[in-house]
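# Notes for the structure review
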Protein chains: 2
Amino acid sequence: MLPEVIVIQSDAPPAGPVGMSPTATWPHQPLAGRGARLTGGLLHDWQQRNLAASLPLALRQLEVAGNLDNVRLAIRSAADGAAGAAARYRGPVFMDTDIYKTLEAIGWELAHGDRPELASFAASAIGLLRQAQLPDGYLDSYFQVTGEPKYSRLASSHEMYCAGHLIQAAIALQRGGGDSNLLDVAKRLADHLVREFLGQAKGLDGHPIIETALVELYRETGSADYLALATQFVDQRGAGLAGDSGLGRRYLQDTVPVRQSTTEIGHAVRALYLEAGVVDVAAETGDTALLKSSVDRWADMVAAKTYLTGGNGSRHSDEGFGDRFELPPDRAYNETCAAIASFQWSWRLLLATGDGRYADHMERVLYNGFGSGISADGRRFFYVNPLQRREDHFEKDDPGRRHEWFSCSCCPPNIMRLIASLDHYIASTADDTLYLHQFTGSRLSGAGLEVEVVTGYPWSGQVQVTVLTAAGGERGLAVRVPAWSEVTGFRLNDDPERSVAPADGYLLLRRAWQPGDRVTVELDMTPRLRRPDRRVDAIRGCVAVERGPLVYCFEQADQPAGTRVDDLEVAPGGALDAVPVTLDGVGETVQVRVPAGDVTAIGVPYFQWDNRDGGPMRVWLPAG
Amino acid sequence: MLPEVIVIQSDAPPAGPVGMSPTATWPHQPLAGRGARLTGGLLHDWQQRNLAASLPLALRQLEVAGNLDNVRLAIRSAADGAAGAAARYRGPVFMDTDIYKTLEAIGWELAHGDRPELASFAASAIGLLRQAQLPDGYLDSYFQVTGEPKYSRLASSHEMYCAGHLIQAAIALQRGGGDSNLLDVAKRLADHLVREFLGQAKGLDGHPIIETALVELYRETGSADYLALATQFVDQRGAGLAGDSGLGRRYLQDTVPVRQSTTEIGHAVRALYLEAGVVDVAAETGDTALLKSSVDRWADMVAAKTYLTGGNGSRHSDEGFGDRFELPPDRAYNETCAAIASFQWSWRLLLATGDGRYADHMERVLYNGFGSGISADGRRFFYVNPLQRREDHFEKDDPGRRHEWFSCSCCPPNIMRLIASLDHYIASTADDTLYLHQFTGSRLSGAGLEVEVVTGYPWSGQVQVTVLTAAGGERGLAVRVPAWSEVTGFRLNDDPERSVAPADGYLLLRRAWQPGDRVTVELDMTPRLRRPDRRVDAIRGCVAVERGPLVYCFEQADQPAGTRVDDLEVAPGGALDAVPVTLDGVGETVQVRVPAGDVTAIGVPYFQWDNRDGGPMRVWLPAG
């Protein structure tokens, strides 16, 4: 029996975070319209949790922490010059972005169904922002409240970083909720930036994101000035124009022009948002040399500056990248926002190249270094995601437990906006082929096909794709085969199972599809031991465990009584068992059991750690 | 033929950094009078270099960097309220301490002979300080110039840290040069502190050193208030009285009372100067429980928070201690000042217990983590002493090369004061026994013996101690046998060589000594491979090389053409060769050659690294 058919408008523009481009040269396109819907599995559960638990927390915290009050102060400052307002401003200069990220999450969420409380919050917040925006289009509560001169200290002011998040929120509300009220605000602010900066060398924001935001606004509006300004900002970086906030130009990626840069340096989140903008600009301007520089840096980063969890950032001192192969597990920074930026960068490279390794990496980031950023109940968050916690672990900036909110709370609403938009990252089209990149229960429409995906991923490795409707003629259906799947089988309808010979990371099937056609892919979920690259000094002599897309960790809570995590030592060669269980505080999971001398070490997926006690944890175990 | 006999006044009070105590309960005493003189070998060379190259640099830099100008500004501020002076103050709040450390070095140096330029500088600087001191005894150029309220922000003000260094300088000038002019200044300042703080709970300096300085001033003057105030400061720490400079109370060792603290935490230099004060207070007050707490923390630190080089401080972010066994070689902080503080703490524990492991550790620190802080020519300095430098190494706070001076230049003059005083740390007496702790050409007088030490240490392991004069009766002569010396021989006069059975780390010989008696000790200088404690994650699977007291490192400059340091891999089992050479830029040394697959890896002593190119370096090599 076929599932209920959903009618999807396939000629609509994409409704996700990367819009249909008037000029883009990339081979892949996001699904047209609302071409993807999550219907089951872990990613769907994450979206449900986001709606039920995380977003209500954000709405409350934006009042508690003072973000909305800052905007109200800005309104009153404009009205009556409110004496003493500066002293009442709360939080870091970029407090507005927490509002914008939450609004962006709401925008994507509104596409999933009626959300009256979210819509009402958005209407009210947008109302405040409209009131706060100055007649010339400028909008930044910190600078309006304090009266500090605008654009006078861009190395640290985050004014364009705030603007970028505002633009992204406006686009999400437009595409997801059909609400153009914030888009009007965003355009007026972007026009202000164009007037102030286009064709000038007056300054460069210390925290990129404006680049990718302006390209998106160009996609949404067709206004070429936005693309021109984004291109200019990419071209200007590297010459010191951003200034120095005290942590040096390297921290701001402002020491080497983007086209000449060969490796990621400085603050990880900044570096990775910049890269998303670089690929956007390259795609929209057809600049293949610029694209290649980003492709090359991505390869360098993944080879030498990325943790097994997909995390980036080896150093606490500047929340930044370290030397090549400097990847300490204990003091890893791996900011959750860096995982989000990395995910967004890889998505653009996937669209720009069609190379499955970007989708593989997105998967690694999603299920590990990003997934760890939020607790099982959706109400606590990690800013920093280390791969090891010792018994006496101490970090000033990260007490080693997830928190409900932070004084600098960039990560929680950032997590929410990504989870709310996950449906847009699971598939794409290239010509007449529908590509399936990430696996969860879903319905997809693109390239003349409508399909339903059924899978218990990542707990099981079976992915079933059933054709619901198909336009006439031969079309392609491509299913990603992750590089980690050593033995992969597939079956078309009732054919005998065959082993997959993937091309560029995909099983590509071309035929004249009929409703009811079913492709079943069996990914290899055998637990496996990973050995580190010999150049990574910090984990020499250790092994880690992976199963499917999941990196495992060993928490004290799961070990046999009397066995300390720090005493575990694996003797490679023993068989690893995978055992589905449901754990208090964690929920559904699959444990992996690893022979370790006289005992059996028990691992759980890394993204599920710290949902119980605050005991020791290790991803990498010494190997005898 | 006996060497020339020097007459040493053996009933004089000790003339070094730890004075004769009116009340001390410790079993060992520093040599009486100027009982030690360096006559040859590496430590003597270091003192000569300090005099010829380092101190002249310091004298120049104290003008160039503005330290002395700050004092001149303070004088003018007092005289005429100098408007705008605050803006002309240069450097961090503790700029005065660079002057004090230099003066301390001069004090110790003046005991070695006529030093007219140093004496003249000291007279002039002391003149400025006398002028700058306020009538009530207060002296701190930063607070006098800026007019900020005194003692109002002790977490960060360093006012008592400055006072502590002033007191130590004054004592050195008094003991070494017989100049009491600065001692008068120091006493007036200490009296001011007594009036402000004794019997009160008004505040505690964020940066300890005042504790040990006040005990020394008590030893020098006999004024019990100084000891009482030092004791009070030790007792008050742990309750939050120091406040918070933004890096937390833990950074200031102000979270747990000293008596209850079990492990070193926070900023390493602060923690270790505090410990010197703790032992001083314990010794002078007979507080055995307090002493035991310090003894226990030392053992914990050496076991779990100390690098092979004797360095302390695993983290750049707070210049501080990390978790137990968190000892990354690449990002080790190991501030040179921490090595100095550790050396001074261990010396006090050695005096307080007579346990040779403290002298062993002082040796490790001296020849490795401290020795690396200064270049072969004595004109460049490391603030940070990592055990690894990668090809693309980057640190904002340490570009990986020694520098002539720093914007925060605490280390260079601190190195100078320790080197100038090294003669005082090589021997002690306990009852009728003369203990020889550190080996270099020297003449020593104590416990009724005058001896000459001849040795090529640390390049060779033979140490020859010849009795020059001996008081009547049986007396002890004890020579340290380092724990690393696996096979140690000794010979008394023409007796056949015997193997040593050391007690508590010493070869102790008792007899009625005669002039001309000669003890020859042969320490085991066979190069040896060290394996790390399995709990140190960052160097698992690696080995290091030591020879005698020296930790070795592998610099790119010494490797065979085409061999990258990061590709070296040692297969343990091969024989290690020691080869004496003289290297350009480095000078006299002994290389160690280690079989590493198809090539021979060549190591030089760690303290001699970075005297040539800025290439990669490793102490720990992967072991196959």
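Fair warning: this is a prediction, and the values are worked out from it, not measured in the lab. (Residues numbered from 1 in each chain as written. Chains lettered and ligands numbered in written order. Predicted model: local features only at pLDDT ≥ 70, side-chain atom pairs only at ≥ 80, totals over all residues. Heavy atoms only, no water.)

### A look at the overall build of chain A
- Along its length, chain A carries 16 helices and 21 strands.
- Scaling as 2.2 N^0.38, a compact globule of 624 residues should have a C-alpha radius of gyration of about 25 Å, and chain A matches this with 24 Å.
- Projected onto the principal axes, the alpha-carbon positions of chain A cover approximately 70 × 65 × 50 Å.
- For chain A, the exposed area adds up to about 20000 Å²; of that, 50% sits on carbon and sulfur atoms.
- Looking at charge distribution, chain A has the averaged site of its 60 positive side-chain charges lying 2 Å from that of its 79 negative ones. (Helix = DSSP H or I, 4+ residues; strand = E, 2+ residues; numbered from the N terminus. Rg over C-alpha atoms; globule rule 2.2 N^0.38 Å. Areas by Shrake-Rupley, 256 points an atom, 1.4 Å probe, with all protein chains shown as cover. Lys, Arg positive; Asp, Glu negative; His and termini not counted. Charge placed at Lys NZ, Arg CZ, Asp CG, Glu CD.)

### A few points about the interface of chain B and chain A
- Listed as interface residues are 31 residues of chain B and, on the opposing side, 31 residues of chain A.
- Of the roughly 2700 Å² buried where chain B meets chain A, counting both sides, 38% is carbon and sulfur surface.
- Linking chain B with chain A are 13 salt bridges.
- At the boundary of chain B and chain A, one finds 20 residue pairs in polar contact (both at pLDDT 80 or more).
- A class-by-class count of the residues in the side of chain B that touches chain A yields seven nonpolar, six polar and 18 charged. (Contact = heavy atoms within 4.5 Å. Buried area = accessible area lost by both parts, 1.4 Å probe. Salt bridge = Lys/Arg side-chain N within 4 Å of Asp/Glu carboxyl O. Polar contact = N/O pair within 3.5 Å; in protein donor to acceptor, adjacent residues only side chain to side chain. Nonpolar A, V, L, I, M, F, W, Y, C, P; charged D, E, K, R; others polar.)

### Some remarks on the pairing of strand β8 (residues 462–470) of chain A
Residues and elements named next belong to chain A.
- Of the pairings in the sheet, the one linking strand β7 (residues 449–455) to β8 comprises seven bridges and is antiparallel in character. By the bridge assignment for β8, threonine 455 is matched with valine 463.
- Linking β7 back to β8 in an antiparallel pair, the connection comprises six residues.
- Pairing geometry for β8 and strand β13 (residues 518–522), over five bridges, is antiparallel. Bridging across to β13, glutamine 464 finds its partner in threonine 520. (Pairing = 2+ DSSP bridges.)

### What to know about the packing of aromatic side chains
Residues and elements named next belong to chain A.
- For the coordinates displayed, the defined rule picks out 40 aromatic pairs over all chains.
- With centroids separated by 6.4 Å and ring planes inclined at 70°, the aromatic side chains of tyrosine 333 and tyrosine 383 adopt a geometry described as edge-to-face. Taken together, the positions of tyrosine 333 in the loop between α13 (288–304) and α14 (336–353) and tyrosine 383 in the loop between α15 (356–370) and β3 (388–389) put the pair 50 residues apart, joining distant regions of the chain. Here the two residues tyrosine 333 and tyrosine 383 agree in accessibility, since each one is buried.
- For the ring pair phenylalanine 343 and tyrosine 425, a centre distance of 4.9 Å and an interplane angle of 65° mean the geometry is edge-to-face. Here phenylalanine 343 is found in helix α14, whereas its partner tyrosine 425 is found in the loop between α16 (411–420) and β4 (427–430), with 82 residues between them in sequence. Judged on exposure class, the residue phenylalanine 343 and its partner tyrosine 425 are both buried.
- Linked through ring pairs, Trp46, Tyr367, Phe370, Phe439, Tyr457, Trp459 and Phe607 together constitute an aromatic cluster. (Phe/Tyr/Trp six-rings, centres within 6.5 Å; stacked < 30°, edge-to-face > 60°. Buried < 20%, exposed > 50% of the residue type's maximum accessible area, 1.4 Å probe, protein only.)

### What to know about the relation of the copies chain B and chain A
- Once chain B has been moved 0.1 Å along the axis and rotated by 180°, it coincides with chain A to within an RMSD of 0.0 Å. Taken together, the rotation and translation relating the two chain copies correspond to the operation of a two-fold axis.
- A shared binding surface is used by both copies, with 100% of the interface residues of chain B retained as interface residues in chain A. (Least-squares fit on C-alpha atoms with pLDDT ≥ 70 in both.)

### Observations concerning the pattern of salt bridges
Residue and element names in this part refer to chain B.
- Under the defined criterion, the tally for this structure stands at 105 salt bridges over all chains.
- The salt bridge partner of arginine 315 is glutamate 326, with a shortest N-O separation of 2.7 Å. In this pair, arginine 315 is assigned in the loop between α13 (288–304) and α14 (336–353) and glutamate 326 in the loop between α13 and α14, connecting sequence segments eleven residues apart. Across the pair, glutamate 326 and arginine 315 agree in class, each one buried.
- For aspartate 567, the salt bridge is made with arginine 564, and the minimal N-O distance between the two is 3.1 Å.
- Judged by relative accessible area, aspartate 567 falls into the partly exposed class, the value being 40%.

### Some thoughts on unusual backbone geometry
- Here A:Tyr457 and A:Pro458 are connected by a cis peptide whose omega angle stands at 0°.
- Tracing the sequence through the fold places A:Pro458 in the loop between β7 and β8.
- Of note, A:Asn334 is a non-glycine position whose phi angle comes to about 50°, a positive value.
- Note on placement: A:Asn334 falls in the loop between α13 and α14.
- Taking relative accessible area as the criterion, A:Asn334 reaches 2% and is therefore assigned buried.
- The phi dihedral of B:Asp610 falls on the positive side, at around 60°, and the residue is not glycine.
- In this structure, B:Asp610 sits in the loop between β19 (599–605) and β20 (617–618).
- Residue classification places B:Asp610 among the buried residues on the basis of a relative accessible area of 0%.

### Section: the sheet that holds strand β12 (residues 506–511) of chain B
Residue and element names in this part refer to chain B.
- Pairing is mixed in the open sheet, where five strands are placed in the order β1-β4-β5-β9-β12. Here the strands that pair on one side only, and so sit at the sheet edges, are β1 (29–30) and β12.
- As judged from the four bridges shared by strand β4 (residues 427–430) and strand β5 (residues 433–436), these two strands associate in the antiparallel manner. Within β5, the position partnered with serine 428 by the bridge is tyrosine 435.
- Each of β9 (475–480) and β12 is contacted by helix α15 (residues 356–370), which is oriented at about 45° to β9, the strand it contacts most. (Axes fitted to C-alpha atoms, helices over the stretch in contact; angles between N-to-C directions.)

### Observations regarding the sheet that holds strand β9 (residues 475–480) of chain A
Residues and elements named next belong to chain A.
- Spatial strand order, β1-β4-β5-β9-β12: five strands in an open sheet with mixed pairing. The outermost strands of the open sheet, each flanked by one partner alone, are β1 (29–30) and β12 (506–511).
- As judged from the six bridges shared by β9 and β12, these two strands associate in the antiparallel manner. Note that in β12 the partner of arginine 475 across the bridge is arginine 511.
- Across the sheet, α15 is in contact with β9 and β12; its angle to β9 comes to roughly 45°.

### Thoughts on the environment of B:Val586
All names here are of chain B.
- Topologically, valine 586 is positioned in the loop between β17 (577–583) and β18 (587–596).
- With relative accessibility at 9%, the residue valine 586 sits in the buried group.
- Taking C-alpha positions, valine 586 is 20 Å from leucine 57, a pair spaced 529 residues apart along the chain.
- Residues contacting valine 586, with those up to four places away along its chain left out, are Ala376, Gln608, Asn611 and Arg612.

### Focus: the packing of helix α4 (residues 96–110) of chain B against helix α16 (residues 411–420) of chain B
Residue and element names in this part refer to chain B.
- At a minimum axis distance of 8 Å, the contact between α4 and α16 shows a crossing angle of 20°. When the interaxial angle is binned, α4 and α16 end up roughly parallel. The chirality of how α4 crosses α16 is left-handed. Taking contact as the criterion, the partners of Asp98, Lys101, Thr102, Glu104, Ala105, Trp108 and Glu109 in α4 are, on α16, Pro413, Asn414, Met416, Arg417 and Ala420. (Parallel < 35°, antiparallel > 145°, perpendicular 65-115°, else oblique. Left-handed = near helix turned anticlockwise from the far one by under 90°.)

### What to know about the nonpolar core
- One finds A:Trp46, A:Leu103, A:Ile106, A:Leu182, A:Phe370 and A:Leu444 to be the most contacted residues of the largest nonpolar core, which totals 186 residues.
- Of the residues forming this core, the biggest block, twelve residues, is contributed by α14(A).
- Core analysis: the next-biggest nonpolar cluster, separate from the first, contains 185 residues, B:Leu55, B:Val269, B:Ala338 and B:Ile340 among them. (Core = buried A, V, L, I, M, F, W, Y, C linked by side-chain atoms within 4.5 Å.)

### A short note on the state of the cysteines
Residues and elements named next belong to chain A.
- According to the stated counting rule, one finds zero disulfides over all chains in the structure shown.
- Here cysteine 162 stays free of any disulfide, with the sulfur of cysteine 408 as its closest cysteine sulfur at 11 Å.
- Classification of cysteine 162 by relative accessible area gives buried; the value is 1%.
- In this structure cysteine 408 is not part of a disulfide, and its nearest cysteine sulfur, from cysteine 410, lies 4.0 Å away. (Disulfide = S-S within 2.5 Å.)

What is shown is where atoms sit, not what they do.
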